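# Overview (structure and organization)
Here is how the chains run, residue by residue.
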Amino acid sequence: MASVLASLLPKLGSLGTSDHASVVSINLFVALLCACIVIGHLLEENRWINESITALIIGLGTGVVILLISGGKSSHLLVFSEDLFFIYLLPPIIFNAGFQVKKKQFFVNFITIMMFGAIGTLVSCAIITLGAIQFFKKLDIGFLDIGDYLAIGAIFAATDSVCTLQVLHQDETPLLYSLVFGEGVVNDATSVVLFNAIQNFDLSSMNFSIAIRFIGNFLYLFLASTLLGVATGLLSAYIIKKLYFGRHSTDREVALMMLMAYLSYMLAELFYLSGILTVFFCGIVMSHYTWHNVTESSRVTTRHAFATLSFLAETFLFLYVGMDALDIEKWKFVSDSPGLSVAVSSILMGLVLLGRAAFVFPLSFLSNLMKKSSEERITFRQQVIIWWAGLMRGAVSMALAYNKFTRSGHTQLQDNAIMITSTITIVLFSTMVFGLMTKPLISLLLPPQRQLSTVSSDPNTPKSLTVPLLGSREDSEVDLNGQDLPHPPSLRMLLTAPSHKVHRYWRKFDDSFMRPMFGGRGFAPPAPGSPTEQGP
């Protein structure tokens, strides 16, 4: 027995040391998160620095300090994991975006957003892929096959919607915010779906049937993911409306909203769908129905809880990206050929610029052709800002690159290390340079103008949550004096103002069927103890 205990003691001692090291790392990381929040608050009025760049700079500085203390052995506290990113950090960011987004602007520009997010991403991916094939061959990089080139196209076609959310504000520039952010969400979903499709399909022998299956699978993922998000949101609204959790405990209804939101994302991952699209549309549906079925205190709680979780996840991401950028393990493999790494990064950055310009300006022209009103058209200055704001690359690109070119966050091959370091370089350069210049660029091209407020005056009401799911200036939440205004003939209206026509039919369907069943503003049942009976 003594010998057994003697053999176990060293193992227990090493286990305790390992646990203590983890505790130290977590303490330092939490302290850095606090520092990011404090410094971000102090720089709130700065027109150049936003919180994402602040976290990135702090991460870089921390990485340098850790690198010096460890004697050049390590620069980060935690090992980057794409699973950590996709399963824990991305869902609250995308859900809160859907929960808080101004639905009126989003759905009025829905066709343009889908053009930018889906078609634009495919165009950008194609240009980056073709350019990489052309230039990398001249650099004598022969380790990549066609699947690798297509994966590179999908990786660098993914814009960083997290950066965009902090650079643009939907109150100051509602049209730009809805276009750039909406495109960012659809772009991320398209890039991830495209990347997974490339990984799953054998592209070495491409033919017409494989191409058709590829396109069909792509469209199926989009539609199925959206429907799953809508279904989960409606289910949460129905459960909360029927069971009246607020009669006994507001904690239960808040917890159920959070868990159902996360469940939508995990169900999408379970069925190999796009969790980004699913949780985004789940957020939109919850804001339109579920949120209005809970008590007043729960509304305030959920609004702040979702925003706080999203904020912490964003800060965590940029902080870690900054630290991981100095990972000595990856840079050692490219130290023998720094010129090659710089050339690869420069080529990819140039292709990112070209790929985005190749679809932003042509698709903006097509979108303007469909707009009758000059106020709804995208001006050239706005197009420049959309092109510029979408040049940033972030954690999505890094996660996909790690998935493709590393194993458990580590790489032992020089070729793979070149692609990882090039991705890190582009993420840092695009976030720092384009992120720093976006605010001044907006001020230069679009001088501040006084804008009318379109949100509720109630401080407890989240932005956009009282706006109809499909809003328009001609159709408000309530018709004038309770009377319907005369409408032009259906065919002529559908041709001249299709969004208004669709909105009219949607409102009738929503008021007569959806809201009575799933709840929503003004449709919660007046039963004793129900949310509508409890005042603020």
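All values reported here derive from a predicted model rather than from experimental measurement.

### Quick word on the overall build of the protein
Looking only at helices and strands, one finds 19 helices and zero strands in the protein. The buried share of the protein, reckoned over its 536 residues, is 52%. Pairs at least 24 residues apart make up 83% of the contacts formed inside the protein by residues separated by at least 6 positions. Accessible area for the protein stands at about 24,900 Å²; split by element, carbon and sulfur atoms hold 67% of it.

### Some details on unusual backbone geometry
Even without a glycine there, the phi angle at tyrosine 272 is positive, about 60 degrees. Take tyrosine 272: it is sitting in the loop between α10 (250-270) and α11 (275-293).

### Points about the pattern of salt bridges
This model, assessed by the stated rule, comprises four salt bridges. Glutamate 296 serves as the salt-bridge partner of arginine 299, at 3.5 Å between the closest nitrogen and oxygen. In this pair, arginine 299 and glutamate 296 both sit in helix α12 (residues 296-324), three residues apart, roughly one turn of the helix. Classification of arginine 299 as buried rests on a relative accessible area of 16%. Among the ionic pairs, arginine 515 bridges to aspartate 510, the shortest N-O distance being 3.0 Å.

### Thoughts on the packing of helix α15 (residues 380-389) against helix α17 (residues 414-445)
Packing of α15 against α17 brings their axes to within 10 Å, and their N-to-C directions diverge by 170 degrees. Classified by the angle between their axes, α15 and α17 sit roughly antiparallel to one another. Touching Arg381, Val384, Ile385 and Trp388 of α15 are Phe434, Met437, Thr438, Leu441, Ile442, Leu444 and Leu445, all from α17. Split by residue class, the contact of α15 with α17 holds nine nonpolar, one polar and one charged.

### Let's talk about the packing of aromatic side chains
Following the criterion strictly, the structure yields 18 aromatic pairs and no others. Judged by centre distance (4.9 Å) and plane angle (70 degrees), the rings of phenylalanine 85 and phenylalanine 86 are edge-to-face. Judged by relative accessible area, which is 1%, phenylalanine 85 ranks as buried. Clustering of aromatic rings is evident, with ring pairs tying together Tyr177, Phe181, Phe280 and Phe281. The ring of tryptophan 291 has arginine 299 lying over it, and the distance from NZ or CZ to the ring centre is 5.3 Å.

### What about α17?
Compared with an ideal rise of 1.5 Å per residue, which puts 32 residues at 46 Å, α17 spans 44 Å between its outermost C-alpha atoms and is within 8% of the ideal. The largest bend in α17 amounts to roughly 35 degrees and is located at threonine 438, with the proline proline 440 lying one to four residues further along.

### Brief notes about α11
Taking 1.5 Å of rise per residue, 19 residues should cover 27 Å, and α11 covers 25 Å from first to last C-alpha, within 8% of that figure. Maximal helix bending in α11 amounts to about 50 degrees, located at methionine 286. Within α11, 19 of the 19 residues are buried, which leaves the element mostly enclosed by the surrounding structure.

### Notes on the nonpolar core
Residues Phe136, Ile152 and Leu319 are the most contacted members of the largest nonpolar core, which totals 130 residues. Residues in contact with phenylalanine 136, not counting those within four places in the same chain, are Ile141, Leu144, Tyr149, Ile152, Val344, Ile347 and Leu348.

### Digging into the environment of methionine 258
Following the sequence through the fold, methionine 258 ends up in helix α10. You can call methionine 258 partly exposed: its relative accessible area is 28%. Between the C-alpha atoms of methionine 258 and phenylalanine 306, which are 48 residues apart in sequence, the distance is 8.1 Å. In contact with methionine 258, other than residues within four places in its own chain, are Ala305 and Phe306.

### Points about the environment of valine 186
Mapped onto the secondary structure, valine 186 falls in helix α8 (residues 174-200). Through-space distance from the C-alpha of valine 186 to that of phenylalanine 280 is 9.5 Å; in sequence the pair is 94 residues apart. Apart from the residues within four sequence positions on either side, valine 186 is in contact with Ile113, Met114, Gly117, Ala118 and Phe222.

### A closer look at a nonpolar patch on the surface
A cluster of nonpolar residues, Ile111, Phe365, Leu366, Leu369 and Met370, forms a patch on the protein surface that exposes about 540 Å² of accessible area. Broken down by element, the nonpolar patch gets its largest block of residues, three residues, from helix α14 (residues 338-369). Examined against the element boundaries, leucine 366 turns out to sit in helix α14. Given a relative accessible area of 42%, leucine 366 falls into the partly exposed group.

### What about the side chain of serine 264?
Along the chain, serine 264 falls in helix α10. Under the relative-accessibility criterion, serine 264 is labelled buried at 0%. A polar side-chain atom of serine 264 sits 2.6 Å from the main-chain carbonyl oxygen of alanine 261. Ignoring sequence-local partners within four residues, the contact set of serine 264 consists of Leu228, Thr232, Thr278, Val279 and Cys282.

### Some points on the side chain of serine 298
Mapped onto the secondary structure, serine 298 falls in helix α12. Look at serine 298 and you get buried, because its relative accessible area is 1%. Side-chain polar atoms of serine 298 contact the side chain of threonine 295, separated by 3.0 Å. Not counting the four nearest positions on each side in its chain, serine 298 is found in contact with Thr250, Glu253 and Val254.

### Re the packing of helix α6 (residues 146-157) against α8
Remark: α6 packs on α8, axes separated minimally by 8 Å, with the N-to-C direction vectors making an angle of 165 degrees. One way to sum up the angle between α6 and α8 is to call them roughly antiparallel. Remark: the crossing between α6 and α8 carries left-handed chirality. Residue-level contacts link Gly147, Leu150, Ala151, Ala154, Ile155 and Ala157 of α6 to Asn187, Ser191, Leu194, Phe195 and Ile198 of α8. Along the lines of polarity and charge, the residues of the contact of α6 with α8 split into eight nonpolar, three polar and no charged.

### Topic: the confidence of the model for the protein
For the protein, per-residue confidence averages 77 on the pLDDT scale, and 77% of positions sit at 70 or higher. Predicted confidence in the protein is weakest over helix α18 (residues 490-496), with a mean pLDDT of 44, and strongest over α10, with 92. Scored below 50 in pLDDT, residues 4-15 makes zero contacts in the model with residues more than four places away or belonging to other chains. Every residue in residues 525-536 is under pLDDT 50, and counting partners more than four places away or in other chains gives 25 contacts.

The rules behind the values
- Residues numbered from 1 in each chain as written.
- Predicted model: local features only at pLDDT ≥ 70, side-chain atom pairs only at ≥ 80, totals over all residues.
- Heavy atoms only, no water.
- Helix = DSSP H or I, 4+ residues; strand = E, 2+ residues; numbered from the N terminus.
- Buried < 20%, exposed > 50% of the residue type's maximum accessible area, 1.4 Å probe, protein only.
- Contact = heavy atoms within 4.5 Å.
- Areas by Shrake-Rupley, 256 points an atom, 1.4 Å probe, with all protein chains shown as cover.
- Salt bridge = Lys/Arg side-chain N within 4 Å of Asp/Glu carboxyl O.
- Axes fitted to C-alpha atoms, helices over the stretch in contact; angles between N-to-C directions.
- Parallel < 35°, antiparallel > 145°, perpendicular 65-115°, else oblique.
- Nonpolar A, V, L, I, M, F, W, Y, C, P; charged D, E, K, R; others polar.
- Phe/Tyr/Trp six-rings, centres within 6.5 Å; stacked < 30°, edge-to-face > 60°.
- Lys NZ or Arg CZ within 6 Å of the ring centre and 35° of its normal.
- Expected span 1.5 Å × (residues − 1).
- Bend = angle between axes of the 7 residues up to and from the residue.
- Core = buried A, V, L, I, M, F, W, Y, C linked by side-chain atoms within 4.5 Å.
- Patch = residues over 30% accessible without salt bridge, like charges linked within 9 Å, V, L, I, M, F, W, Y side chains within 5 Å.
- Polar contact = N/O pair within 3.5 Å; in protein donor to acceptor, adjacent residues only side chain to side chain.
- Left-handed = near helix turned anticlockwise from the far one by under 90°.
- pLDDT = per-residue confidence, 0-100.

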